[in-house]
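Residue strings, one per chain:
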Amino acid sequence: MNVHSEMAELLDGRQKFFTLPQRLYNDPAFFAIEIDGIFKRRWLFAGVVAQIPKPGDFFTVPVGPSSILVVRDRSGEIRAFHNTCRHRGSTLCEAEQGRVSSIVCPYHLWTYDLTGKLRSAKGMHDDFDRSEYSLLPVHIETAGSTIYVCLADDPPDFSVFKATLAPYLASHELEKGKLAHIVHVPVAGNWKLVVENSRECFHCPTGHPELARSFITVYRQPYPQSMKGLEALWQRCAAAGMTYGDSGRQDSGYRIERLPLRPGCRSITMDGIPAVTRRLGQVPDGDFGTIAWSYTPTSFNQVVSDYAFHARMLPIGPEQSLLSGYWIVDADAVEGRDYNLANLIKVWDETNLQDRDLIERNQRGVNSAGYRPGPYSQESEMGVVNFVDWYCEMMSKYLGGPERRVLRTA
Ligand code: FES
Ligand code: FE
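What about helix α4 (residues 159–169)?
Of all the residues in α4, the buried ones are Phe161, Leu165, Tyr168 and Leu169. Looking straight down α4, one finds its buried side chains confined to an arc of 80°; they lie on one side. For α4, the elements touching its buried residues are β9 (137–143), β10 (146–150), β12 (254–259), β13 (290–295) and β14 (299–303).

Written as structure tokens, this is what we have:
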């Protein structure tokens, strides 16, 4: 049996409402298939607009064995390319981010402009045609402060998600926001364990004492209607003309919702008091909870009145992921005057590190001989159930679906 058939068989045989079979969390061959079946087809959260405010600013995005280069060109347009030289394939930019006037490959100095055109290739033969060796472009989209890339030749539709998100964020004006802080946390865990961990707050009361101060950590069914304070929050939003409600289940690939914070809290901070005195954009004064959204499988986000927190989750290897955090504040907010950086980042910084430790411990246990798929709570872990169902459906479709597989082997 080849590895595709082995993976298909495991997916077909998995038990709904249970964690996945061990090999799906650590097998290098399965990981490679997931990169092709999911990460080369989905829109991926790559970074934020505020990371690259000036022409020549760039950042790199690792996706399994691949690297994507996102750069702002001289006209102000944001572009994305495969971070691979068209000469002999060297990686162009190794840094996580930086600024360049042109993109120069360090190997033999082929030089590309910021639109990806090859401008200089010294020592090549006379009839060498530079125009045939531009950098390979990657599709790019923005939504609020966030940048998404897609490695597919023919990317899936992004417009419905973008249009659904836009009214929630209208008054926050995140596209003009300033990057207050960025952090990258390598995690020794499979990307699905990272996503699973992000889709429940079952672990929050004990795992995230700082987050639990302002964030409601009890997710009961029916969700989110059972959340205390939801009705009152939605009424306040309606009165202020702000978008609220729930965009729908995660099995559509994304979910956007406005959720209440703990009583008396107006931001996700250690004391529930906004960390930034200047609210984002045109957000009115008041308690409008948090806008929570996730775009499967690479991002989750929380937007309160004074800042946005974007989390990026990328697959690096079968047991290696990269968790990155971005804090966006109002464009005119000044550190030291309008906010104290340590206070602003405290909750999510601690939460990221706690999640890393939880995920790595989860991976070690899953790798152990005693691991057997275990039951998710259908009360508190339905977000994880939805993600795992989404994953199995994506992979099953990619591998041909049970019916087609039967026909193929018949
Ligand atoms: Fe880039 Fe040779 S591999 S210049
Ligand atoms: Fe967590």
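Here's the deal with the coordination of the iron ion (ligand 2)
At 2.0 to 2.7 Å from the iron ion (ligand 2) lie its protein donor atoms, namely His203 (NE2), His208 (NE2), Asp355 (OD) and Asp355 (OD). One chain supplies every donor for the iron ion (ligand 2), spaced along it as H-x4-H-x146-D. Placement of the pair is His203 in the loop between α5 (191–198) and α6 (204–207) and Asp355 in helix α8 (residues 341–367), with a sequence separation of 152 residues. Each member of the pair, His203 together with Asp355, is buried.

Considerations on the nonpolar core
If you look at the biggest cluster of nonpolar residues, it comprises 113 residues, and the most contacted ones within it are Val70, Phe161, Leu344 and Tyr391. In terms of residues, this core owes the most to one element, helix α9 (residues 382–398), which gives nine residues. Apart from residues lying up to four places away in sequence, Phe161 is in contact with Ala143, Tyr148, Tyr254, Ile256, Trp293 and Tyr295. Val71, Ile103, Cys105 and Tyr112 belong to the second largest nonpolar core, which has 16 residues in total.

Details of the packing of aromatic side chains
Evaluated as defined, the whole model comprises 25 aromatic pairs. Aromatic side chains Trp234 and Tyr244 sit 5.7 Å apart centroid to centroid with 45° between the ring planes, which places their arrangement in the tilted category. Of this pair, Trp234 sits in helix α7 (residues 230–240) while Tyr244 is found in the loop between α7 and β12, placing the two residues ten residues apart along the sequence. What makes Trp234 buried here is its relative accessible area of 16%.

A closer look at the sheet that holds β9
In space, the seven strands of this open sheet follow the order β1-β10-β9-β4-β3-β2-β5, with antiparallel pairing throughout. Edge positions in the sheet fall to β1 (43–48) and β5 (97–99), since each has one partner strand and no second. Averaged over all pairs of adjacent strands, the angle between their axes in this sheet comes to 30°, without regard to strand direction. Bridge analysis of strand β2 (residues 57–63) against β5 gives three bridges, and the strand direction is antiparallel. Pairing of Phe58 across the sheet is with Gly98, part of β5. Taken strand by strand, α4 contacts β9 and β10, and its axis lies near 25° from that of β9.

Considering the environment of Ile316
Tracing the backbone shows Ile316 in strand β15 (residues 308–317). Put simply, Ile316 and Val63 are 253 residues apart on the chain and 6.0 Å apart in space, counted from C-alpha to C-alpha. The residues contacting Ile316, other than those within four sequence positions of it, are Phe31, Pro62, Gly64, Ser321 and Leu322.

Things to note about the side chain of Thr269
Inspection of the secondary structure puts Thr269 in the loop between β12 and β13. Separated by 2.8 Å, the side chain of Thr269 and the backbone oxygen of Ile273 make a polar contact. With near-sequence residues (within four places) excluded, Thr269 lies in contact with Ser214, Ala275, Tyr307 and Val347.

Criteria and thresholds
Residues numbered from 1 in each chain as written. Chains lettered and ligands numbered in written order. Predicted model: local features only at pLDDT ≥ 70, side-chain atom pairs only at ≥ 80, totals over all residues. Heavy atoms only, no water. Buried < 20%, exposed > 50% of the residue type's maximum accessible area, 1.4 Å probe, protein only. Helix = DSSP H or I, 4+ residues; strand = E, 2+ residues; numbered from the N terminus. Arc of directions from axis to C-beta. Contact = heavy atoms within 4.5 Å. Donors = N, O, S within 2.8 Å, 3.2 Å for Na, K, Ca; no water. Core = buried A, V, L, I, M, F, W, Y, C linked by side-chain atoms within 4.5 Å. Phe/Tyr/Trp six-rings, centres within 6.5 Å; stacked < 30°, edge-to-face > 60°. Pairing = 2+ DSSP bridges. Axes fitted to C-alpha atoms, helices over the stretch in contact; angles between N-to-C directions. Polar contact = N/O pair within 3.5 Å; in protein donor to acceptor, adjacent residues only side chain to side chain.

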